[in-house]
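# Chains, contacts and geometry: an overview
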Amino acid sequence: MDLSDASQIVLIGGGQAAAQAVQSLRMGGYSGKLVLVGDEPVLPYQRPPLSKAYMKGEFAEERLFFKPGAWYEDNDVELILSTRATRVDRAARIVELEHGATLAYDALILCTGSRPRPLPAKGADLENVYDLRGLGDVDRIQPNMVAGRRLVIIGAGYIGLEAAAVARQMGLEVTVLEMADRVLARVTSPTMSAFYEKEHRAQGATILTGARLDHLEGENGKVSAAVLADGTKLPADMVLVGIGILPNVELAEEAGLTIDNGVATDRDARTSDPRIFAAGDCASRPLVHYGHSGRLESVHNAIEQGKLAAAAILGKPRPPEDCPWFWSDQYDLKLQIAGLNQGHDEIVVRGNPDDRKFAVFYLRNGTLIAVDAVNSPPEFLASKKLIMMGSKVAPDMLKDTSTSMKDIAAAAATA
């Protein structure tokens with residue numbers, strides 16, 4: 001369906017995907033009306049710094065915003081902030097907003113993002129128990145980030161470990177609880193998990209794996225301790241919950257769009273309704289380098305899908321689709337991840353983890369499908385290219401640090 005003559009495009013969401021789609025639409029020549037609806041009171045903003053530099057007070061709030069307010073005015077983008085979209089009427093092509101207002105659309109882009117998975121434990125509603133997802137969350141957490149206070153973090157995923165690193169650098173006593181037998185168990189190899197556990201312990205954090213929370217205790221309405229299933233009681237002045245996220249698909253589901261672990265989209269970010277697109281954390285998309293669909297929680301994914309949706313609406317060629325990539329900053333360690341390691345049958349380590357500069361490669365039937373690179377940009381960059389080419393790479397060559405990644409990539413390209 002050609003939507004290039006749409007008179008009004010509505011976007012729901014104030015994160016990376018919506019901001020990118022708006023910019024791509026205007027840069028692509030769209031001259032109709034653009035309306036962005038966000039449920040937060042601030043301009044569209046980036047989220048990765050929230051658990052890192054912003055929490056430490058080293059990143060001003062204005063720097064979080066993708067564009068200043070004047071840009072939206074100059075580019076004729078109407079912002080409706082502090083407002084929830086409550087319903088999509090596909091037949092009438094109307095978005096209903098809280099308090100009764102409505103918006104007509106010719107094309108609609110859902111960038112509704114995700115929300116923290118709630119803690120299923122007694123005491124989760126106590127004061128000083130926090131999620132870490134939005135700007136408001138960090139603004140509530142920051143006043144309590146005081147040296148000497150006791151922070152318990154539930155969940156040792158990227159967000160939990162990033163917050164642990166910041167808290168230790170700010171002088172808090174930190175305990176991280178992980179139900180699995182190692183940190184980052186869902187996303188990385190035992191080698192990488194052991195490396196990060198060692199690093200956090202060396203920085204003074206307590207890491208407890210195989211630890212199941214039973215409940216939180218409180219005094220005068222404030223959290224005072226985390227109690228484990230084995231009866232261990234951990235005093236806590238504050239608790240941070242990082243046990244994963246849930247895609248915000250309710251609007252799409254109630255509108256009758258196809259849902260498949262997210263709002264199902266095609267390669268152009270188009271949903272089962274040809275006038276509605278979805279991008280970012282809320283969307284499930286074809287992962288063209290892996291032959292199946294899935295939902296990705298990353299800046300790269302949000303940017304790419306925002307561009308794809310804009311191009312499809314404008315009737316322009318589909319932008320290139322990169323392999324998935326992610327990153328995590330903890331202490332002075334930059335972890336860069338390319339690809340998806342699910343289904344690997346071989347792991348190759350390049351370099352020595354003790355040197356705090358190494359990479360872990362994941363292969364399936366000899367083909368490189370993912371890499372985790374710590375303080376190793378060449379391994380990350382070369383692997384992105386190799387993954388996109390579907391290259392087979394000899395494990396012995398990957399292990400050999402005397403052979404440059406540039407030479408490895410060149411050899412694979414001519415194989």
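Residues numbered from 1 in each chain as written. Predicted model: local features only at pLDDT ≥ 70, side-chain atom pairs only at ≥ 80, totals over all residues. Heavy atoms only, no water.

## A few points about the UniProt feature "domain: Reductase C-terminal" (unreviewed entry) in the protein chain
As a reminder, the rule being used: UniProt positions are given in the numbering used here, feature names are shortened, and annotations may be inferred rather than shown by experiment. Secondary structure follows DSSP: runs of H or I at least 4 residues long count as helices, runs of E at least 2 residues long count as strands, and numbering of each begins at the N terminus.
In this numbering, the UniProt entry assigns the feature "domain: Reductase C-terminal" (unreviewed entry) to residues 325-408. Between the end C-alpha atoms of residues 325-408 there is a gap of 20 Å, over a span that is 26% helix and 43% strand.

## So, the side chain of Arg350
Here is the rule we go by: The definition of a polar contact used here is a pair of N or O atoms within 3.5 Å, where within protein one atom must be able to donate a hydrogen and the other to accept one, and adjacent residues in sequence count solely through side-chain atom pairs.
For Arg350, the position within the fold is in strand β24 (residues 346-352). Only 2.6 Å separates the side chain of Arg350 from the backbone oxygen of Thr403, close enough to count as a polar contact.

## Re the packing of helix α1 (residues 16-27) against helix α7 (residues 299-314)
Going by this rule: All axes are obtained by fitting lines to C-alpha atoms, using only the stretch in contact for helices, and the reported angles, taken between N-to-C directions, cover 0 to 180 degrees. Each crossing is labelled by how the near helix is turned from the far one, with a counterclockwise turn of less than a right angle marking it left-handed and a clockwise turn marking it right-handed. Throughout, a residue-residue contact means that at least one pair of heavy atoms, one from each residue, lies within 4.5 Å. Nonpolar residues are Ala, Val, Leu, Ile, Met, Phe, Trp, Tyr, Cys and Pro. Charged residues are Asp, Glu, Lys and Arg, and all others, Gly as well, are polar.
One can describe the packing of α1 onto α7 by two numbers: an axis separation of 8 Å at closest approach and a directional angle of 35 degrees. Crossing angle aside, the handedness with which α1 passes α7 is right-handed. Contacts between α1 and α7 involve Gln16, Ala17, Gln20, Ala21, Ser24 and Leu25 from the former and Val299, Ala302, Ile303, Gly306, Lys307, Ala310, Ile313 and Leu314 from the latter. Considering only residue class, the contact of α1 with α7 consists of nine nonpolar, four polar and one charged.

## What about unusual backbone geometry?
For Arg93, which is not a glycine, the phi torsion comes out positive at approximately 55 degrees. In this structure, Arg93 sits in the loop between β4 (85-89) and β5 (94-97).

## Quick notes on the domain arrangement of the protein chain
Many authors give the size of an interface as the accessible area that is lost as the parts come together. Applicable threshold: Bear in mind that the domain bounds are from an automatic or database domain assignment. Buried area: the accessible area, evaluated with a 1.4 Å probe, that two parts lose upon being put together, summed over both parts. Whenever Lys or Arg places a side-chain nitrogen within 4 Å of a carboxyl oxygen from Asp or Glu, that contact is recorded as a salt bridge.
What the domain assignment reports for the protein chain is domain 1 (8-115 + 245-314), domain 2 (118-241) and domain 3 (332-413). Centre-to-centre, using C-alpha coordinates, domain 2 lies 31 Å away from domain 3. With 10 residues of domain 2 at the contact, the number on the domain 3 side is 14 residues. A combined buried area of about 1,000 Å² lies between domain 2 and domain 3, and 62% of that area is made up of carbon and sulfur atoms. Looking only at domain 2, the three residues that lose the most surface to domain 3 are Met192, Phe195 and Tyr196, adding up to 42% of its buried area. Summed over the shared surface of domain 2 and domain 3, the result is two salt bridges. For Glu199, the salt bridge goes to Arg356, with nearest N and O atoms at 3.0 Å. Taken together, domain 2 and domain 3 are joined by six residue pairs in polar contact (both at pLDDT 80 or more). In terms of residue class, the side of domain 2 that touches domain 3 is made up of five nonpolar, three polar and two charged.

## As for the packing of aromatic side chains
We apply this condition: Aromatic contacts are taken between Phe, Tyr and Trp rings whose centres are within 6.5 Å, Trp giving its six-membered ring; a plane angle under 30 degrees counts as stacked, one over 60 as edge-to-face, and the others as tilted. Exposure categories follow from relative accessible area, calculated using a 1.4 Å probe and restricted to protein chains: below 20% of the type maximum is buried, above 50% is exposed, and the middle band is partly exposed.
Enumeration over the complete set of coordinates arrives at five aromatic pairs. Taken together, a centroid distance of 5.1 Å and an interplanar angle of 85 degrees make the contact between Trp71 and Tyr72 edge-to-face. Between the aromatic rings of Phe195 and Phe358, the centroid separation amounts to 4.9 Å while the plane-to-plane angle is 70 degrees, which identifies the pairing as edge-to-face. Of the two residues, Phe195 sits in helix α5 (residues 190-202) while Phe358 sits in strand β25 (residues 357-364), which places them 163 residues apart along the sequence. For the pair formed by Phe195 and Phe358, the shared burial category is buried.

## Considering helix α4 (residues 158-169)
Stated precisely, the cut-off is as follows: For a helix, the expected span equals 1.5 Å multiplied by the residue count minus one.
Compared with the 16 Å implied by 1.5 Å per residue over 12 residues, the 17 Å span of α4 between its first and last C-alpha is a close match. Of the positions making up α4, those classed as buried are Gly160, Leu161, Glu162, Ala163, Ala164, Ala165, Val166 and Ala167. Next to the buried residues of α4 lie β10 (150-154), β11 (173-178), α5, β16 (238-241) and β22 (325-330). The positive-phi residue at the C-terminal boundary of α4 is Gly171, with phi of around 90 degrees.

## So, the pattern of salt bridges
Here the structure, examined in full by the defined rule, presents 26 salt bridges. Note that Arg90 and Asp273 form a salt bridge whose closest N and O atoms lie 2.8 Å from each other. With a gap of 183 residues between them, Arg90 in the loop between β4 and β5 and Asp273 in the loop between β18 (263-264) and β19 (276-278) connect regions that are remote in the sequence. The class for Asp273 is buried, based on a relative accessible area of 10%. When the shortest N-O distance is used, the salt bridge between Arg285 and Glu321 registers 3.9 Å. Within this pair, whereas Arg285 is found in strand β20 (residues 283-287), its partner Glu321 is found in the loop between α7 and β22, the two being separated by 36 residues in sequence. Linked through salt bridges whose partners overlap, the residues forming this network are Arg267, Arg285, Glu304 and Glu321.

## Details of empty space enclosed by the protein
To keep things clear, this is the line we draw: With a 1 Å grid laid over protein atoms only, a set of points is called a cavity when a 1.4 Å probe fits there but cannot get out and a pocket when it is open yet has protein on both sides within 12 Å along at least five of seven lines; lining residues have an atom within 4 Å of a point. Grid points are joined across faces, edges and corners, and a volume is the space filled by probe spheres set on the points.
Using the criterion set out here, one finds two cavities of 30 Å³ or more in the structure. By volume, the largest cavity amounts to about 70 Å³. Around the largest cavity, the lining comprises 13 residues; the ones closest to its centre are Arg285, Leu287, Val288, Asp322 and Pro324. Mapped onto the lining of the largest cavity, the elements with two or more residues apiece are β20 and α7. At three residues, β20 tops the list of elements feeding residues into the lining of the largest cavity. Looking at the lining of the largest cavity residue by residue, the class counts come to seven nonpolar, two polar and four charged. Counted as a void, the second largest cavity has a volume near 30 Å³. Along its surface, the second largest cavity is lined by Met55, Ile141, Met145, Leu151, Ala163, Met238 and Leu240.

## Some details on the nonpolar core
Heads up, the condition is: Here the nonpolar core consists of buried residues drawn from Ala, Val, Leu, Ile, Met, Phe, Trp, Tyr and Cys, with membership extended through side-chain atoms lying within 4.5 Å.
With 96 residues, the main nonpolar core has Ile9, Leu25, Ile109, Val174, Tyr196 and Phe361 as its most contacted residues. Of the residues forming this core, the biggest block, seven residues, is contributed by α7. For Phe361, the contacting residues outside a window of four places in its chain are Glu346, Ile347, Val348, Arg350, Leu368, Ala370, Val371, Glu379, Ser383, Leu398 and Met405. In this structure, Val35, Ile80, Leu251 and Ala252 belong to the second largest nonpolar core, which totals 23 residues.

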